[in-house]
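Analysis of the macromolecular model
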Amino acid sequence: MTLEEIWHMDVGEHVLHVLWSDRLLAVTPSAGSLSICTREGTLVAELPGDLMGNGIPSWKNAKLATGGLGGSVRIYEPEISVSPKLTLKPARGIITKTAWNPDCSLLGVAQGPG
């Protein structure tokens with residue numbers, strides 16, 4: 001197997017996580033905006049990240065769930081809008097990770113002390 005670079009981007013921060021949907025790639029830096037790109041590297045959207053630092057997002061059925069050190073969970077539909085469809089503040093503490101169930105009807109949220 002041979003790997004070759006097709007495209008790259010500079011997000012200006014340490015990259016925390018990269019995650020594919022069926023068509024798009026979400027690039028999550030440790031802080032700052034999340035970049036949503038096509039397979040060809042075209043920037044589709046920049047989604048606001050958590051002001052205090054990002055957590056690890058999850059993607060299912062065109063819905064992207066994000067969290068972060070500020071303790072909020074945001075649900076985006078990046079192909080429709082760069083504004084969150086829904087913002088939740090489940091409790092006190094940081095949101096380190098989100099995970100959708102298989103049919104996208106439930107969202108799991110990992111929360112740490114804050």
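Here goes a summary of the coordinates provided. This one's a predicted model, so the numbers in the text were calculated from it and none came from an experiment.

1. Re the overall build of the protein
Looking only at helices and strands, the protein has zero helices and 10 strands in total. Going residue by residue from the N terminus, the α and β elements of the protein occur as β-β-β-β-β-β-β-β-β-β. Its C-alpha atoms give the protein a radius of gyration of 14 Å, near enough to 13 Å, the size a compact globule of 114 residues would have. When its C-alpha atoms are laid out on the principal axes, the protein stretches across 45 × 30 × 30 Å. Taken across its 114 residues, the protein has 36% of its residues classed as buried. In the protein, the proportion of contacts linking residues at least 24 apart, taken out of those at least 6 apart, comes to 32%. About 6,900 Å² of surface is accessible on the protein, with carbon and sulfur atoms providing 56% of the total. Here the protein contributes 9 positive and 11 negative side-chain charges, whose respective centroids are spaced 13 Å apart.

2. Here's the deal with the sheet that holds strand β6 (residues 63-66)
Sheet strands line up and pair through hydrogen bonds in the backbone, either parallel or antiparallel. Strands sit in the order β5-β6-β7-β8 across an open sheet of four strands; the sheet is antiparallel. The sheet is open, and its two edges are formed by β5 (58-60) and β8 (86-88), each paired on a single side. When strand polarity is set aside, the average angle formed by the axes of neighbouring strands in this sheet is 15 degrees. Where β6 and strand β7 (residues 73-76) come together, three bridges link them in antiparallel fashion. Bridge assignment links A65 to a residue of β7, and that residue is I75.

Scoring rules and cut-offs
- Residues numbered from 1 in each chain as written.
- Predicted model: local features only at pLDDT ≥ 70, side-chain atom pairs only at ≥ 80, totals over all residues.
- Heavy atoms only, no water.
- Helix = DSSP H or I, 4+ residues; strand = E, 2+ residues; numbered from the N terminus.
- Rg over C-alpha atoms; globule rule 2.2 N^0.38 Å.
- Buried < 20%, exposed > 50% of the residue type's maximum accessible area, 1.4 Å probe, protein only.
- Contact = heavy atoms within 4.5 Å.
- Areas by Shrake-Rupley, 256 points an atom, 1.4 Å probe, with all protein chains shown as cover.
- Lys, Arg positive; Asp, Glu negative; His and termini not counted.
- Charge placed at Lys NZ, Arg CZ, Asp CG, Glu CD.
- Pairing = 2+ DSSP bridges.
- Axes fitted to C-alpha atoms, helices over the stretch in contact; angles between N-to-C directions.

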